[in-house]
Each structure stands twice: as C-alpha cells, then as structure tokens.
Amino acid sequence: MDKINTTGYGTEVAACVTMQPNGEHTLASVEWQCEFWTTGRRVRINKADAFEDSENSYICYVDSSKTGRGALWGQLFVRIPDSQAADGFREEVSTPFPIMAADGSDKQLYIV
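Residues numbered from 1 in each chain as written. Predicted model: local features only at pLDDT ≥ 70, side-chain atom pairs only at ≥ 80, totals over all residues. Heavy atoms only, no water.

Student: Looking at this structure, how should I read the packing of aromatic side chains?
Tutor: Remark: the centre distance and the inter-plane angle together describe each pair of aromatic rings, the angle taken between the planes. All chains considered together, the criterion is met by two aromatic pairs. For the pair tryptophan 32 and tyrosine 58, a centre-to-centre distance of 5.2 Å together with 70 degrees between the ring planes defines the contact as edge-to-face. Separated by 26 residues along the polypeptide, tryptophan 32 in strand E3 (residues 31–37) and tyrosine 58 in strand E6 (residues 57–63) bring together distant segments of the chain. Judged by its relative accessible area of 3%, tryptophan 32 is buried. The ring centre of tryptophan 37 lies 4.0 Å from the NZ or CZ of arginine 42, which sits over that ring. In this structure, arginine 79 is placed above the aromatic ring of phenylalanine 89, and the distance from its NZ or CZ to the ring centre is 4.3 Å. (Phe/Tyr/Trp six-rings, centres within 6.5 Å; stacked < 30°, edge-to-face > 60°. Helix = DSSP H or I, 4+ residues; strand = E, 2+ residues; numbered from the N terminus. Buried < 20%, exposed > 50% of the residue type's maximum accessible area, 1.4 Å probe, protein only. Lys NZ or Arg CZ within 6 Å of the ring centre and 35° of its normal.)

In structure tokens form, the structure reads like this:
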C-alpha cells in the first residue's frame, strides 16, 4: 500500500495530461480526448472541457463518482493532421498510464 495515494469517492480529481511534442504538433495544436477509469467505468474528457496549463499540458477535472473506486488510469487519444489519411487525420492512442498523486511522490492515485 505504500505505492498509492488515496482520495475519497465522489471527489473531483485534477489530472494533468501531457504530450511530448510530435514534430510541429503540441496538445494545443491538435484535437484530443483523454479517457479516465478505475474498474471499467470510463469517462472521456475533450480538449474543450480541459484547462490549458501550457502548450503541452492540460488539466482535466474528473468526477470520481463516475469512474468508480480503484486505481485511476488514463489514456490519450490524439487526432493528428495527416494528408495521407482518408479523412486528413490519423488517430494516435497512448499506452494506458497511471494517474499519479500531485504531491510529488511516485504514488498512483487510488479512489476509495
């Protein structure tokens, strides 16, 4: 249990979403969504519903009563302009990542 940091069920969690620059693309210059979940209940936050922290960093507010209890995870879905794609965009999907506590520790956030 020393690798988790807990928060109460029903609280609003501020999750920071970041992306390494991809050529000329940043989170600010592309459309994206981030999905958050614990044990199967998933919540998607659109870029328009997040708050820009920097060019490559946004803050998403996640209602933990919608994700359920357990370790909190995230996954980023980015639409990158691509002239060779049929609709002019390709979707890049990140590997699922743990949502870490904001206290500077290396502990994953766990909703109890």
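Student: Even after reading the chapter, I still don't get the environment of alanine 101, so can you show me in this structure?
Tutor: Turning to its location among the elements, alanine 101 is positioned in the loop between strand E10 (97–98) and strand E11 (108–111). Taking the relative accessible area as the measure of exposure, alanine 101 reaches 10% and is therefore buried.

Student: How do you make sense of the sheet that holds strand E2 (residues 12–18) when you look at a structure like this?
Tutor: The strands that make up a sheet are held in pairs by hydrogen bonds between backbone atoms, and each pair lies either parallel or antiparallel. Taken in spatial order, the three strands of this open sheet run E2-E6-E5, and their pairing is antiparallel. The open sheet has two edge strands, E2 and strand E5 (51–54), and neither has a second partner. With strand direction ignored, the average angle separating the axes of adjacent strands in the sheet is 35 degrees. The pairing of E2 with E6 spans seven bridges and is classified as antiparallel. Bridging from a neighbouring strand, alanine 15 pairs with cysteine 60 of E6. (Pairing = 2+ DSSP bridges. Axes fitted to C-alpha atoms, helices over the stretch in contact; angles between N-to-C directions.)

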